[in-house]
Amino acid sequence: MKIIPQNYVNDKNVNSSITNFFKTYKVSKLLTRSNANKKKGICPSSLFGYLFTLIFLNRSMYMNMITGKFKENFAKDTIYRFLNSSSTNWMKFTTLLCSSVVSNTLENLTSKQRVNVLILDDTMFERNSSKKVELLSKVYDHAKKSYKYGFRLLTLGWSDGNTFLPINSCLLSSENKKNRIIEAKSLDKRTNGYARRALAKTKATSVMMELIDQAQRANIPASYVLFDTWFCFPASITQIKKKGLDVIAMLKKTPKMYFLYNEQMQPITEIYKQNKKRRGKSKYLLSVEITVVKDQESVPARVIFVRNKNKRKDYLALITTDMTITEDEVIRIYGKRWDIEVFFKVCKSYLRLSKECNSLSYDAMTAHTAIIFARYMMLAVENRNITDKRTLGEIFYLISDELSDITIFESFQILIQLFFNALADFKLASSEQADNFLEAFLMALPKALKEKLVLYV
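In this report, the structure presented in the accompanying data block is examined. (Residues numbered from 1 in each chain as written. Predicted model: local features only at pLDDT ≥ 70, side-chain atom pairs only at ≥ 80, totals over all residues. Heavy atoms only, no water.)

## Quick notes on unusual backbone geometry
Of all residues except glycine, most have a negative phi; of all peptide bonds, most are trans.
Reasoning step 1: Residues other than glycine seldom take positive phi values, yet Asn262 does so here, at roughly 55°.
Reasoning step 2: Its location among the elements puts Asn262 in the loop between strand E7 (258-261) and strand E8 (264-267).
Reasoning step 3: Under the relative-accessibility criterion, Asn262 is labelled exposed at 56%.
Reasoning step 4: You will see that Asp295, though not glycine, has its phi angle at about 50°, which is positive.
Reasoning step 5: Along the polypeptide, Asp295 turns up in the loop between strand E9 (284-294) and strand E10 (297-307). (Helix = DSSP H or I, 4+ residues; strand = E, 2+ residues; numbered from the N terminus. Buried < 20%, exposed > 50% of the residue type's maximum accessible area, 1.4 Å probe, protein only.)

And the structure:
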């Protein structure tokens, strides 16, 4: 994946990058502020640094011990006690670390006109191999259309359109007690461990508000909150608007959700039927102004109906509470939500999310997730330093343009190049035949798209 730089050749390079990351963003102090501290013994930042480094060295603590390469001045039980600690506030730690990266690095590389967004989504955190994991529950996997044992990893991230950073997360168990296989162990109600277990048994929409509150308290700059249909409800929209943020989300086409339109409460499907659609090849079919009403609170909003390119007779509905931006801008900003999907893919495929931790403790799984998030943040900073000329110094900052949001035509050109490379790898055709095939494909495209692509090809 693009996010992972290929310059980690040996242990010295890895240690140098990690040491620089820890010093620049004061990871040790952030751990202390998150209540990860000890009166005596090994410093928690040393334990965190050891766990942080393992994935980049392609090793595990177990294999280090088996091969005799474990040279640390602490035992494995010290690591387990650190991970199982109920006092550490891991949500606060990742939020503070993200805030530090944004304020100390990324904010200086982009202009104030750049639209920064918060992105919310969830993914499966599978634990199918064990039935004794604390708070384990049956969770429905919407991607694979089946129930699995594990958790929903609800994640809030930040993006400037070029770099994505995870802010915080919560491993959601089931709100329904019947779906929970194992209950939480009893803890002092004053501990962070008790608070995160209580949050894990709460509705996802309520947890979403807590994640956003944490981000706002850390002063992470953002103008919009992006999410898909699973979190898009009138209650969510009104609550986020009260926090001073605007919403851009995809609406679920259901007759059970009503909005005020033409002085009547109507579902989105009926509003779509009542209006005349735009003709031609415009990006959207219809744009209407509605009012979101919930518990005697109302928020003006605009709904943009977009063509579904996968189904010609179908449509997608986007809603925004910002009435000052155009429909094209709403569509462009919502496209940034794809960043979190890339993040989940990298964490699962490369950073061993849910695979590296085999603990039965809910605290240990939460700590493992925070370590994964911190690793990704370092990779994101490394990738930005490699691609952005503004990171090279003041002279380059003054003469170089900031990295722009990727356009639809640049995305399409990348896909064509990948397709062409894949065709060459199959060796079913000569290089000349492959060139002819690509040329014929481009010639068959619509004129407007073809003219734009000429600028990039």
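Back to the write-up after that little detour.
## Some words on the packing of aromatic side chains
Reasoning step 1: Taken as a whole, this structure holds 23 aromatic pairs when the rule is applied.
Reasoning step 2: Ring centres 6.3 Å apart and planes at 70° place the aromatic pair Phe125 and Phe151 in the edge-to-face group. Of this pair, Phe125 sits in strand E1 (residues 117-126) while Phe151 sits in strand E3 (residues 146-159), and the two are 26 residues apart along the sequence. For the pair formed by Phe125 and Phe151, the shared burial category is buried.
Reasoning step 3: Between Phe305 and Tyr315 the ring centres are 5.5 Å apart and the planes differ by 70°, which places this aromatic pair in the edge-to-face class. One end of the pair, Phe305, is in strand E10; the other, Tyr315, is in strand E11 (residues 315-320), and 10 residues separate them in sequence.
Reasoning step 4: By relative accessible area, Tyr315 is classed as buried at 8%.
Reasoning step 5: Members of the aromatic cluster, joined through ring pairs, are Phe21, Phe22, Tyr25, Phe48, Phe52, Phe56, Phe82, Trp90 and Phe93.
Reasoning step 6: Here Lys138 stacks its cationic end above the ring of Tyr147, 5.6 Å away from the centre of that ring.
Reasoning step 7: Here the basic side chain of Arg278 rests over the ring of Tyr284, its NZ or CZ set 4.3 Å away from the ring centre. (Phe/Tyr/Trp six-rings, centres within 6.5 Å; stacked < 30°, edge-to-face > 60°. Lys NZ or Arg CZ within 6 Å of the ring centre and 35° of its normal.)

## Quick word on the packing of helix H6 (residues 90-106) against helix H8 (residues 204-217)
Reasoning step 1: It is at 9 Å that the axes of H6 and H8 come closest, and there the two elements cross at 45°. Viewed along their axes, H6 and H8 adopt a mutual orientation that is oblique. H6 and H8 meet at a crossing whose hand is right-handed. On the side of H6, the interface is formed by Met91, Lys92 and Thr95, while H8 contributes Leu211, Gln214 and Ala215.
Reasoning step 2: Residue composition of the contact of H6 with H8, grouped by class: 3 nonpolar, 2 polar and 1 charged. (Axes fitted to C-alpha atoms, helices over the stretch in contact; angles between N-to-C directions. Parallel < 35°, antiparallel > 145°, perpendicular 65-115°, else oblique. Left-handed = near helix turned anticlockwise from the far one by under 90°. Contact = heavy atoms within 4.5 Å. Nonpolar A, V, L, I, M, F, W, Y, C, P; charged D, E, K, R; others polar.)

## Comments concerning the environment of Leu153
Reasoning step 1: Checked against the element boundaries, Leu153 lands in strand E3.
Reasoning step 2: Note: C-alpha distance between Leu153 and Asp122 (31 residues apart in sequence) is 5.2 Å.
Reasoning step 3: Each residue touching Leu153, except ones within four places of it in the same chain, is listed here: Asp121, Asp122, Thr123, Phe125, Ser169, Cys170, Leu171, Phe344, Leu353 and Thr369.

## Some details on the nonpolar core
Reasoning step 1: Counting 128 residues, the largest nonpolar core has Phe21, Phe48 and Ile319 as the members making the most contacts within it.
Reasoning step 2: Tallying contributions element by element places helix H13 (residues 362-387) first for this core, with 15 residues.
Reasoning step 3: Among all residues touching Ile319, those that are not within four sequence positions of it are Cys232, Ile237, Val247, Ile248, Ala249, Leu251, Phe259, Ile290, Val292, Ala301, Arg302 and Val303. (Core = buried A, V, L, I, M, F, W, Y, C linked by side-chain atoms within 4.5 Å.)

## Structural notes on the pairing of E11
Reasoning step 1: Where burial is concerned, most of E11 is hidden: 5 out of the 6 residues are buried.
Reasoning step 2: Examined bridge by bridge, strand E6 (residues 246-250) and E11 share 3 bridges and lie antiparallel to one another. Along E11, the bridge assignment pairs Ile248 with Thr320.
Reasoning step 3: The sheet contact formed by E10 and E11 spans 6 bridges and is antiparallel. Its bridge partner lying in E11, Val306 is registered against Leu316. (Pairing = 2+ DSSP bridges.)

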